[in-house]
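# Fold and contact review
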Amino acid sequence: MTIAGVRGVTGEERSDFTKQEGKRLRQRSLSLLKSLLHPVRVRLYLTLVVVVVSTAAQVAGPTLLALGIDQGLSQVVQNHNWLPAQLIVSAYVLTAIVSSTMMAVYMRSSAVLSQTVLIDLRERVFQHTQNLSMSFHENYTSGRVIARQTSDIETLRELLDGGISNLFRGILLMTFTAGALIALDPSSALPLVIALIPAFFLTRWFSNTSKKQFREARTFSARLIVQFVETMTGIRAVKAFRREERNEKSYALAVDDYREANRKVIRLFGTYDPGLKVIGVFTLAAVLILGSFRVANGAMEVGVLLAAVLYTRRFFEPMEELAMFYNSFQNASSALEKVSGMLEEKATVVEPLNPTPLVHPKGKLDFNQVRFGYNDETIVLPQLDLHIPAGQTIALVGTTGAGKSTLAKLVARFYDPSQGTVSLDDIDLLDLANKDLRRAIVMVTQESYLFSGSVSDNIGLGKPGATQEEIEASAKAVGAHDFIMRLPEGYDTDVNKRGGRLSAGQRQLLSFARAFIADPTVLILDEATASLDIPSERLVQRGLQTLLADRTAIIIAHRLSTVSIADRVLVMEHGEIIEDGSPEELIAGTGKFASLHSAWRDSLA
Ligand SMILES: Nc1ncnc2c1ncn2[C@@H]1O[C@H](COP(=O)(O)OP(=O)(O)OP(=O)(O)O)[C@@H](O)[C@H]1O
């Protein structure tokens, strides 16, 4: 199997990776980690020095104790010479002070490190996700994006805040302790060296088995978030279709999966942790028994035995801690795999390196032999040729799924055609800078999305830096001013607060005002299907007319009343334009639009 199965977010939900894939995932996580650590490397090295000094000072303790007992004490007893004892005690105190001061510096420094890295990562994930093309967002659910930004980064925070420093300090402490023991009395180190063999195999077993379980746990935790987010964002549909019970059941199943994955992880710990303890206890017993014999034979001094016992105990102390932090380490490495996968995703719609300037756009739009499909299997637009002169208002009608929104998305460059070109004023959209494209072409979608903030903020989005006068003028132009003034705080009303809640028609008017203030050359409007009452519809209709004046417009018309304000109507079916003409021409004809229109007229009568 190749590594293509784990490129980007592909294979994210799997936990059965081949060796090759696992290696690729590790490399990807590592290179992300490296790139995060690179800007803080100086602090990182300093922190490493500090922790090495602190641990060395800490490990010196038992050796000094042995010296104190065997040398210092005997000098006091035999020669009444207090000096060696005093020197050793002073050195002991000094190492304790150095060790704790350095530890304090280390704690602070590692906290700064972890915070800096996390802020960097959070920003990267946010920016990257935001910049990814629509094709990514339409396939990767928002719940999974949220899981990456929240629970995965939170897991990394746990590791960086506590785990990694303990992990590193633990490894150092073990290495130094073993080194000190070997230097002090190599024979006492022998049981320790032997104990390392079962400890190694136990750890390897734990590492291999737990990796899979941790991956599973992360996948299930992301699934929980996805379910939660989907239910809450679609809460209206949930209520309308009485989906609560079914959702509860499927949520309970997801919770069960998550619990099961965690149970497996905990069970592994239940073997690993006591296993290590048993090895530790046997080693300590061996050191003590062997040492006692040697002390009895006069081959070893009591102080050295005490130090050897202390070192052996200390050697296993961090090992247990390591097992604990291995948890957060494994958890974090599978989180890192997923985050690095998302960061590996590339935007499919990219800005050109040398864009063609667009100085005074006129609004001439051309589709030249455009072929497009969201994936290789299904082609939505087989071959589209469409020429729209500047300033024309087009109404796009057709059966659902005909490809109307797809056509609009290509004009807004949410996607690029697989073949052919879409051009504005004879410049291929691929050659336009993002800022020129966004200024020239604005798409008002059906959802009329409002961001948190005031009514003014929401209209002002269309033109960064717009004055209050401009905002009000655009609201007046599209007929939104009157209802805004009736809101509790007028233009300052928070659209997400009670009282600031707006109706579908009002939202639509606000998005018209937003588009009006942006003053684009080309306006694409996916008209809301929500049926408005007659006065609201009139209001929206009037707003629409003002909005459309003097620009090229493509309206995906769901209301046939809208069609009357268009210069030209296009009827689409299966990705092709089957009728093209003025509303009058088409109504007078015998085609699909004529029958649609007469049915609509009959329904009004
Ligand atoms: N993100 C997507 N990924 C894959 N296929 C898609 C995607 N969006 C739309 N399609 C498919 O493309 C075809 C055209 O969809 P499109 O949304 O353009 O139709 P439409 O004419 O706008 O329909 P409606 O009037 O219902 O909005 C449909 O068959 C649809 O299933």
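Quick note: structure is the one above.
The present account deals with the structure reproduced in this document. (Residues numbered from 1 in each chain as written. Predicted model: local features only at pLDDT ≥ 70, side-chain atom pairs only at ≥ 80, totals over all residues. Heavy atoms only, no water.)

## Observations concerning the overall build of the chain
Heads up, the condition is: A run of H or I in DSSP counts as a helix once it spans at least four residues, and a run of E counts as a strand once it spans at least two, with each numbered from the N terminus. Note on method: radius of gyration uses C-alpha positions; expected globular size equals 2.2 Å times residues raised to 0.38. In what follows, residue pairs with any heavy atoms lying within 4.5 Å of each other are defined as contacts. Each accessible area value is a Shrake-Rupley result obtained with a 1.4 Å probe; residue values ignore everything except the protein chains displayed when judging cover. We count Lys and Arg on the positive side and Asp and Glu on the negative side, and we leave His and both chain ends out. Charge coordinates come from a single atom per side chain, which is NZ of Lys, CZ of Arg, CG of Asp or CD of Glu.
Counting its secondary structure elements, the chain contains 19 helices and 10 strands. The C-alpha radius of gyration of the chain comes to 35 Å, more than 25% above the 25 Å expected for a compact globule of 605 residues. Along the three orthogonal principal directions, the C-alpha set of the chain runs to about 120 × 50 × 50 Å. Pairs at least 24 residues apart make up 76% of the contacts formed inside the chain by residues separated by at least 6 positions. Surface exposure of the chain reaches about 31200 Å², of which carbon and sulfur atoms provide 60%. Looking at charge distribution, the chain has the averaged site of its 63 positive side-chain charges lying 7 Å from that of its 63 negative ones.

## Here we look at the site of the ligand
Just so we agree on the cut-off: A molecule or strand has a residue near it when one of that residue's heavy atoms lies within 4 Å. Think of a polar contact as two N or O atoms within 3.5 Å of one another; within protein, one of them needs to be a possible hydrogen donor and the other a possible acceptor, and neighboring residues in sequence only count if both atoms come from side chains. Note on residue categories: nonpolar means Ala, Val, Leu, Ile, Met, Phe, Trp, Tyr, Cys or Pro, charged means Asp, Glu, Lys or Arg, and polar means any other residue, Gly included.
Around the ligand sit 14 residues in total, of which Glu-138, Gly-401, Lys-404, Ser-405 and Thr-406 are the nearest. A distance of 2.9 Å separates an oxygen atom of the ligand from a polar atom in the backbone of Gly-401. Between Ala-402 and the ligand, the recorded distance is 3.1 Å, taken from a backbone N or O atom to an oxygen atom. Protein burial of the ligand: of its 630 Å² of free accessible surface, 63% is covered by the chains. Residues that form the shell around the ligand fall into these classes: 4 nonpolar, 7 polar and 3 charged.

## Structural notes on the packing of aromatic side chains
Selection rule: Two aromatic rings from Phe, Tyr or Trp, using only the six-membered ring of Trp, form a pair when their centres are within 6.5 Å; if the ring planes differ by under 30 degrees the pair is stacked, by over 60 it is edge-to-face, and anything between is tilted. Summary of the burial criterion: residues with accessible area below 20% of their type's maximum are buried, those above 50% are exposed, and those between are partly exposed, where the area comes from a 1.4 Å probe applied to protein chains only.
According to the stated counting rule, one finds 7 aromatic pairs in the structure shown. Ring centres of Phe-372 and Tyr-374 lie 5.0 Å apart, and the angle between their planes is 80°; on these two criteria the pair is classed as edge-to-face. Judged by its relative accessible area of 3%, Phe-372 falls in the buried class. Their ring planes at 90° and their centres at 5.1 Å tell us that Tyr-374 and Tyr-415 sit as a pair that is edge-to-face. Remark: Tyr-415 occurs in the loop between helix H10 (404-411) and strand S4 (419-424) and Tyr-374 occurs in the loop between strand S1 (365-372) and strand S2 (381-388); sequence separation between them is 41 residues. On the accessibility criterion, Tyr-374 (35% relative accessible area) is partly exposed. With a relative accessible area of 8%, Tyr-415 lands in the buried category.

## Topic: the side chain of Asp-366
Along the chain, Asp-366 turns up in strand S1. The buried category is assigned to Asp-366, whose relative accessible area is 7%. A polar atom in the side chain of Asp-366 sits 2.6 Å from the side chain of His-387. In contact with Asp-366, not counting residues within four places along its chain, are Leu-386, His-387, Ile-388, Thr-421, Val-422, Ser-423 and Asp-426.

## A look at the pairing of strand S10 (residues 576-581)
Here is the rule we go by: A pair of strands is labelled paired if DSSP reports no fewer than 2 bridges between them.
Inspection of the sheet shows strand S9 (residues 568-573) paired to S10 by 5 bridges, in the antiparallel sense. Bridged to Val-571 within S10 is Glu-579.

## Points about the packing of helix H1 (residues 19-37) against helix H3 (residues 83-131)
Using the following cut-off: In this analysis, axes come from line fits to C-alpha atoms, helices being fitted only over the stretch in contact, and the angle between any two N-to-C directions falls in the range 0 to 180 degrees. Left-handed describes a crossing whose near helix is turned anticlockwise from the far helix through less than a right angle; right-handed describes the clockwise counterpart.
Running from N to C, H1 and H3 cross one another at 115°; their axes reach a closest spacing of 9 Å. The handedness of the crossing between H1 and H3 comes out as right-handed. Where H1 approaches H3, its residues Leu-32, Ser-35, Leu-36 and Leu-37 are matched on the opposing element by Val-117, Asp-120, Leu-121 and Arg-124. Grouping the amino acids of the contact of H1 with H3 by side-chain chemistry returns 5 nonpolar, 1 polar and 2 charged.

## Describing the environment of Leu-33
Residue position: Leu-33 is located in helix H1. For the pair Leu-33 and Glu-585, spaced 552 residues apart in sequence, the C-alpha to C-alpha distance is 64 Å.

## Some points on the sheet that holds strand S5 (residues 427-428)
Sheet architecture is open: 4 strands sit in the order S2-S1-S4-S5, paired in antiparallel fashion. Only two strands of the sheet have a single partner each, and these edge strands are S2 and S5. As paired strands, S4 and S5 are joined by 2 bridges and run antiparallel to one another. Note on S5: the bridge partner recorded for Ser-423 is Asp-428. Against the sheet, H10 touches S1, S2 and S4, its axis set at about 120° to S1.

## Notes on the pattern of salt bridges
We count it as follows: We define a salt bridge as a side-chain nitrogen of Lys or Arg found within 4 Å of a carboxyl oxygen belonging to Asp or Glu.
According to the stated counting rule, one finds 19 salt bridges in the structure shown. The partner of Lys-239 in a salt bridge is Glu-244, with the nearest N and O atoms 3.8 Å apart. Exposure remark for Lys-239: the relative accessible area of 44% places this residue in the partly exposed category. In this structure, Lys-364 and Asp-366 form a salt bridge, with 2.9 Å as the shortest nitrogen-oxygen distance.

## Let's talk about unusual backbone geometry
A positive phi angle, near 50°, is found at Asp-519, a position not held by glycine. The phi angle at Asp-550 is positive, at roughly 65°, despite the residue not being glycine. Within the fold, Asp-550 resides in the loop between helix H16 (534-548) and strand S8 (552-556). Judged by relative accessible area, Asp-550 falls into the exposed class, the value being 80%.

## What about the sheet that holds strand S7 (residues 522-526)?
In any sheet, the strands associate via hydrogen bonds between backbone groups, in a parallel or an antiparallel arrangement. Overall, mixed pairing links the 6 strands, which are arranged S6-S7-S8-S3-S9-S10 in an open sheet. Only two strands of the sheet have a single partner each, and these edge strands are strand S6 (441-444) and S10. Strand-to-strand twist of the sheet, defined as the mean angle between neighbouring strand axes without regard to direction, takes the value 20°. Relative to S6, helix H15 (residues 504-518) is tilted by about 175°, and along the sheet it contacts S6 and S7.

## Structural notes on helix H8 (residues 244-296)
Basically, it comes down to this: What a helix is expected to span follows from its residue count: subtract one and scale by 1.5 Å.
For H8, which comprises 53 residues, the first-to-last C-alpha distance of 76 Å matches the rise-based estimate of 78 Å (1.5 Å per residue) to within 8%. The first or second residue beyond H8 is Gly-298, which carries a positive phi of 80°.

## A short note on the side chain of Thr-95
Along the chain, the position of Thr-95 falls in helix H3. Take Thr-95: its relative accessible area is 18%, and that puts it in the buried class. From its side chain, Thr-95 meets the backbone oxygen of Tyr-92 in a polar contact 2.7 Å long.

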